[in-house]
Amino acid sequence: MRYKKLIIYTDGGARNNPGPAGIGAVIYDSKKNKIAEISKFIGDATNNQAEYTAVVMAINKAKELGALELEFYLDSELVVKQLNREYRVKDKELAPLFVKIYNAVLGFNKVSFKHIPRERNKEADKLVNLAIDRAEK
């Protein structure tokens, strides 16, 4: 099934920053029906590296689902401002991830990145912690 527009909530986090890190993403169709979620341990990383990795993995999933438009919601203001090109990416570890996202979104008709408060991103955050908890057992 192809989806015109997907609404995607992503989050990434690292314990001890840097440290054991995980990513989470919840993907909805335009009617707010949940169609996919991602919860993955990514090894040692920083919070920002995890945030970027969550976006990369969500874009890949959106491509699999055949989406044309993506509307992202993240609780990392820094990452949103970088992805919207309001801030430059100065961190040499984040730059390749930024380029990967920049190239990955070229195939979509429209992609937006919006900042939301942490309280509105609880589901993605739960998936991050689940991934790290599973890896630490």
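Provided above is the structure to which this section pertains.
Okay, so let's go over this structure. (Residues numbered from 1 in each chain as written. Predicted model: local features only at pLDDT ≥ 70, side-chain atom pairs only at ≥ 80, totals over all residues. Heavy atoms only, no water.)

Within the protein one finds 4 helices and 5 strands. Of the regular secondary structure in the protein, the N- to C-terminal order runs β-β-β-α-β-α-α-β-α. Taking 137 residues into account, the globule formula puts the C-alpha radius of gyration at 14 Å, and the protein, at 14 Å, falls close to it. Taken along the three principal axes of its C-alpha coordinates, the protein extends 40 × 35 × 25 Å. The long-range fraction of contacts in the protein, counting pairs at least 24 apart against all pairs at least 6 apart in sequence, stands at 69%. Looking at the protein as shown, the accessible area adds up to about 7400 Å², and 48% of this sits on carbon and sulfur atoms. (Helix = DSSP H or I, 4+ residues; strand = E, 2+ residues; numbered from the N terminus. Rg over C-alpha atoms; globule rule 2.2 N^0.38 Å. Contact = heavy atoms within 4.5 Å. Areas by Shrake-Rupley, 256 points an atom, 1.4 Å probe, with all protein chains shown as cover.)

Helix length check: helix H4 (residues 122-136) (15 residues) gives 21 Å between terminal C-alpha atoms against 21 Å at 1.5 Å per residue, within 8%. Buried positions along H4 lie against strand E1 (5-14), strand E2 (19-29) and strand E3 (34-45). (Expected span 1.5 Å × (residues − 1).)

Okay, the nonpolar core next. The tendency in soluble globular proteins is for nonpolar side chains to be buried as a group. Core analysis: the largest hydrophobic core is formed by 35 residues, its most contacted members being Leu6, Ile59, Leu70, Phe72 and Ile101. Of all the secondary-structure elements, those providing two or more residues to this core are E1, E2, E3, helix H1 (47-64), strand E4 (69-74), helix H2 (77-83) and helix H3 (95-104). Core analysis: the next-biggest nonpolar cluster, separate from the first, contains 8 residues, Val26, Tyr28, Tyr73 and Ala124 among them. (Core = buried A, V, L, I, M, F, W, Y, C linked by side-chain atoms within 4.5 Å. Buried < 20%, exposed > 50% of the residue type's maximum accessible area, 1.4 Å probe, protein only.)

With that settled, consider the sheet that holds strand E5 (residues 110-115). Taken in spatial order, the 5 strands make up an open sheet running E3-E2-E1-E4-E5, and their pairing is mixed. The sheet terminates laterally at E3 and E5, the two strands that pair on one side only. Averaged over all pairs of adjacent strands, the angle between strand axes in this sheet comes to 20°, irrespective of strand direction. Bridge count between E2 and E3: 10 bridges; the pairing is antiparallel. Opposite Ile27, over in E3, you have Ala36 as the bridge partner. Each of E1, E2 and E3 touches H4; the most contacted strand, E2, lies at about 140° to it. (Pairing = 2+ DSSP bridges. Axes fitted to C-alpha atoms, helices over the stretch in contact; angles between N-to-C directions.)

Attention now goes to the packing of aromatic side chains. Per the counting criterion, the structure on display carries 3 aromatic pairs. Ring plane angle 85° and centroid distance 5.9 Å describe the contact between Tyr9 and Tyr28, whose orientation is recorded as edge-to-face. Here Tyr9, found in strand E1, pairs with Tyr28, found in strand E2; they are 19 residues apart in sequence, far enough to count as distant. According to the relative accessible area criterion, Tyr9 is buried, its value standing at 10%. The exposure class assigned to Tyr28 is buried, which follows from its relative accessible area of 12%. Ring plane angle 20° and centroid distance 5.0 Å describe the contact between Tyr9 and Tyr73, whose orientation is recorded as stacked. Note that Tyr9 is positioned in strand E1 and Tyr73 in strand E4, a separation of 64 residues in sequence. Neither Tyr9 nor Tyr73 differs from the other in exposure class; each is buried. (Phe/Tyr/Trp six-rings, centres within 6.5 Å; stacked < 30°, edge-to-face > 60°.)

On their own, these measurements won't tell you what the molecule is for.
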